[in-house]
Amino acid sequence: MTHLFVLSVLVLLQGLLLKAFPHAFSLTEVQLTLNFGFLLLAAYLFGEWTARIRLPRLTGYLFAGILLGPDVLGYFSPESVASLRFIDELALAFIALSAGLELRTQNLKRQWRLLSGLIVVVPLTVFCAIFAFLYFALPRVGSLPALPAAQKIVLAALLGTLAIARSPSSTLAVIKECRAAGDFSESVLCVTVVMDILVIMLFSLFLALAGAAEAGVPAHTGGLWLRIPAEFFLSLLLGLFLAWFMSGYVTVIRREGIFFLLCVAFLVTRLSQALSEQSAIMAGLPLHLEPLLICMSAGFFLRNLFGKGAFYETTINRSFLPIFVVFFALAGTDLDLDALRAMWKVAILYAGIRIAGVFIACHSVLALLRAPFKTRNLYGMSFITQAGVSIGLAGLIPRRFPEGGEILFTLLLAVIVINQIIGPIAFKFALEQSGEARGTAQKLPGGGR
Amino acid sequence: MKTIAGILFLAILALAGHRKSFVKLLPSRAGRFFFLTGTEFLLVGYLLGDSFLGVLDPATLERARPFLIVGLGWIGLLAGIQLEGKALRMFGRASYLWILLYGCFLLLFVSAGLHALLRVWFPADPHLGLAVSVLAVTALCTGQTSMALWMQQASKQKRPLGIVLQFVASINDVIAIVLFGVLIGFHQPAGGGFGLSLPPLEKLAFSLLLGTLMGLLLLMLFRARLGEADKVLIVIGLVLFGGGAAYLLGVSPLLIHLIAGAVLANFSLKSDETFHLLMRIERPLYLIFLMIAGAYLRIGAPLAVLLALAYVAIRALSQGAAGAMFLGRVFRDPAYPRAHALGWGLTSQAGIGAALAVHFHLWIAGPSPPLLLNMTFSVLLLAILFNEVLSPFGLAYVTKET
Amino acid sequence: MWALVYILNEDRYLTEVLEALLEIGVPGASILDSVGMLQFLSQEIPIFAGFRSILKGSKPYNKIILSVIRDQELLQQALATIDLTVGGIENGKRGILFTLPVEHLIGPGPETLGD
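Presented here is a report on the structure given in the accompanying data block. This is a predicted model, so every value here is computed, not measured.

1. A short note on the interface of chain C and chain A
Quite often, the size of an interface is put as the accessible area lost when its parts meet.
1) Next: Taken together, the contact between chain C and chain A spans 14 residues of the former and 12 residues of the latter.
2) Next: With both sides pooled, the region where chain C packs onto chain A buries about 1200 Å², and carbon together with sulfur makes up 40% of that total.
3) Next: Viewed at the interface, chain A and chain C are joined by 1 salt bridge.
4) Next: When the shortest N-O distance is used, the salt bridge between Glu23 of chain C and Arg179 of chain A registers 3.5 Å.
5) Next: Remark: the boundary between chain C and chain A carries 1 residue pair in polar contact (both at pLDDT 80 or more).
6) Next: Mapped by element, the contributors of at least two residues to the side of chain C that touches chain A are helix H1 (14-24), helix H4 (72-85) and helix H5 (89-92) of chain C.
7) Next: The class makeup of the residues in the side of chain C that touches chain A is 3 nonpolar, 5 polar and 6 charged.

2. A short note on the nonpolar core
1) Next: Ranked by size, the top nonpolar core spans 310 residues in total, and within it Tyr312 and Tyr350 of chain A carry the most contacts.
2) Next: The element contributing the most residues to this core is helix H19 (residues 405-434) of chain A, with 15 residues.
3) Next: In terms of domain composition, this core takes at least three residues from each of domain 1 (2-83) and domain 2 (88-434) of chain A.
4) Next: Setting aside its immediate chain neighbours within four residues, Tyr350 of chain A contacts Ile130, Phe133, Leu134, Leu159, Ala163, Leu411, Leu412 and Val415 of chain A.
5) Next: Ranked by size, the runner-up nonpolar core spans 17 residues in total, among them Ile65, Ile69, Leu75 and Ala78 of chain C.

3. Concerning the pattern of salt bridges
Residue and element names in this part refer to chain A.
1) Next: If you walk through the whole model with that rule in mind, you get 17 salt bridges over all chains.
2) Next: Arg85 is the partner of Asp88 in a salt bridge, and the nearest nitrogen-oxygen pair spans 2.7 Å. In this pair, Asp88 and Arg85 are both assigned in helix H5 (residues 85-102), 3 residues apart and thus about one turn of the helix distant.
3) Next: Exposure remark for Asp88: the relative accessible area of 17% places this residue in the buried category.
4) Next: Among the charged side chains, a network of salt bridges with common partners joins Glu48, Arg57 and Glu177.

4. Quick look at helix H10 (residues 200-221) of chain B
1) Next: An ideal rise of 1.5 Å per residue puts 32 Å on 22 residues; H10 of chain B measures up with 31 Å between its terminal C-alpha atoms.
2) Next: Buried-residue contacts for H10 of chain B involve helix H1 (2-20) and helix H2 (28-52) of chain A together with helix H4 (65-81), helix H9 (159-185), helix H11 (228-249) and helix H12 (253-267) of chain B.

5. As for empty space enclosed by the protein
Residue and element names in this part refer to chain A.
1) Next: Within the structure shown, the criterion is met by 4 cavities of 30 Å³ or more.
2) Next: Its boundaries defined by the atoms lining it, the largest cavity holds a volume of some 50 Å³.
3) Next: In this structure, the largest cavity is lined by Ala93, Phe94, Leu97, Leu242, Met246, Leu261, Val264, Ala265 and Cys295.
4) Next: Where the lining of the largest cavity is concerned, the elements lending two or more residues are H5, helix H11 (222-252) and helix H12 (257-283).
5) Next: Here the residues of the lining of the largest cavity sort into 9 nonpolar, no polar and no charged.

About the criteria used
Residues numbered from 1 in each chain as written. Chains lettered and ligands numbered in written order. Predicted model: local features only at pLDDT ≥ 70, side-chain atom pairs only at ≥ 80, totals over all residues. Heavy atoms only, no water. Contact = heavy atoms within 4.5 Å. Buried area = accessible area lost by both parts, 1.4 Å probe. Salt bridge = Lys/Arg side-chain N within 4 Å of Asp/Glu carboxyl O. Polar contact = N/O pair within 3.5 Å; in protein donor to acceptor, adjacent residues only side chain to side chain. Helix = DSSP H or I, 4+ residues; strand = E, 2+ residues; numbered from the N terminus. Nonpolar A, V, L, I, M, F, W, Y, C, P; charged D, E, K, R; others polar. Core = buried A, V, L, I, M, F, W, Y, C linked by side-chain atoms within 4.5 Å. Buried < 20%, exposed > 50% of the residue type's maximum accessible area, 1.4 Å probe, protein only. Domains from an automatic or database assignment. Expected span 1.5 Å × (residues − 1). 1 Å grid on protein atoms, 1.4 Å probe; cavity = no way out; pocket = protein on both sides within 12 Å on 5 of 7 lines; lining within 4 Å. Points joined across faces, edges and corners; volume = space filled by probe spheres on them.

Everything listed here is a matter of coordinates, which is why it stays silent on function.
Structure (structure tokens):
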């Protein structure tokens, strides 16, 4: 009750200020103080309220973003959302590092059969299901112009790839909120993370193929086969170097962990951008280094090679909350309700097929391993989330396919809205059912009860 | 990129510096008059600024403004939380009266002196009244860092004297914050194009209202049992929100959060926890403020140095006189044989004084201030520096055996 | 039977440590306020909030967590848990943790100590 009351006072105040000084809200000073503070508090309070009705907090943060965003109440204009974008970069680095820290080699080794089964079968099933669905349904989607067969195949493949993408950030947020620990949560996180990396690599491959198909020339992907693994290993190498540097920091300085992490997150994102640009200029070969992968491998090496995981885990846990809250609230402002309104029928069908694919895959893998029926369902529920990377990659489609790309992009956004709302709720339920969630009135790390 | 690098560099300096500063400089007998009280970072900032190295160029300083607004709110909250009624009542009611009289006398004397002085160089300047009142209000601020460091090396019997000095200094700091908040009500903020165009009194009422509201919200949110991360989030969120609202309305975030802090201190059992939470970054925050203030500094003419010296002299003399008249009365006690000299121990002007300097630059002077306001800012910063050097000698005089 | 003594430097970890101990099955513990030697000797240097420091001293106290644990395995688990919760006692300089053998225990027994 208190939360809702404070929330309404804040919303009222902010509304009054917005009305009294509409022009002042374009000032950076106001965007980075008043708007930032308002988003932080409002999303946090909303999250506390959703926790009370036993939904994940992150759902509350998302809803706060949706409600306050440009689509509904309009408290946040697109430009004031853009002024807070720097949080996204930091948050992604933090999330990746944290995900890497959660992966422990000894546990992964013990579960290797399950993990490799899921990593191979889930993406394959989902890809095939969505590919088939779209290949046959594309001509019927909205007002899509008639497409040549080759392009239809490429587009279906691209969308199929995107359907594989999960949301490591949502998965991690729910795990942290439930303070879950154990084989189930760790394997879900691991599979989620690996699938995300897979998507990034596959997507650039298909996009290159698409370019070739469009131009009507045979695909010139010789460089690509080399480039993608090169990028992958270079990112891992950089992650190793970063982990070495960070473990050195713990040994030598040990202090101001939060500030150091912020610096690292900032430097990694900026440096990988700069390196990509440099390599494009110098070698004519745009190496795309994924900060996500660098940070994740750094976290993994810190935990498993250098043994300094605990320090960073605690540091991240203590500083996570504000970054998490703003990150998901911003993600909420990105969710495109108009898209959902326009294409909800196809979107529901699409999302349904994706979920069905996930369940079929999980059931078949776990049946092979003789897991009980209930566990098979739990894994199925854990792989619904979708966000972040998918939105970014989906944005490339209309740029590449001006004809019809917009419509597909809208469809994807609508599907992401659905998945992002159902996914965390289902995963939280699965975690509670698995018995790995500790305590029922959970908090994000560092939170009391 | 350069901007962000500059800000990061500043933060690293502050984090590294706050562990090295706040100490007595030389262990020898002659060296007991030299402390590192953080104020030296004014000089560091000046060196980093456009005048020398250019790390903190105007673009960087412009980008740092949101941070400074939040910092002011943070400081205000910190200063407000100490105003717990129970603690305030530990000192007799009469002592507040005498301290108030001391403050009034100081204000009057300093403003009269400065008005006479500044009129010589800026006879018809429209900002004359503003410059005088800013310098007079900030004259009330009293840094306590050198005081505490001095008392550490003084004999045990002198400790109560230190407590009295710190008490007077704290009350004057709070008065200065309130007066500065009122002062801001009279002036349209430098950015222009926003801020309520209300009469000063109503603006003050707005500050009170907003401050109380912030305090009540904080109070309500802190009623639940919260984890560390939640508390940090709530405090950061409210300071951001309140600071931004203050900037928008053209009122003082220091004052607003001072009130919010006082509300929290008096109606919540958790003010201690909040206080420790705020204290955690007090020193680095202070050093960043000092460095940015130093980077803003444009000394320009030797006149600024001269005026600063005059300001220091007028302030010190008024403090000595006012101390003898009012502070000596209330603390006349066999335990403090030299109570009439108390005023000389209040020379240091750092702490809240530096925060008000930054506040002045952000809210009133603006990025390209008129000549007199720029002069006012320079005089204030130079005076803070000079006073910091003088302060141990004043303290030595106060604590000398009779 | 073992006595576990943890002198925690930063009391912001206190709740988490206690909750973690409870979770692994340590039935109870006592919490004492304490002041370190250097803390006691050094006075806090105030900047913005001098009034508070003259009245209360603005430095938070250390907390001592005191618990008696019957079984060696649980003790080892408790040590590991505390280390994990505070992010590495040694890495973060978060206090001192030591154990002592306990010869006699008179009273309600470790199950209810501290309740």
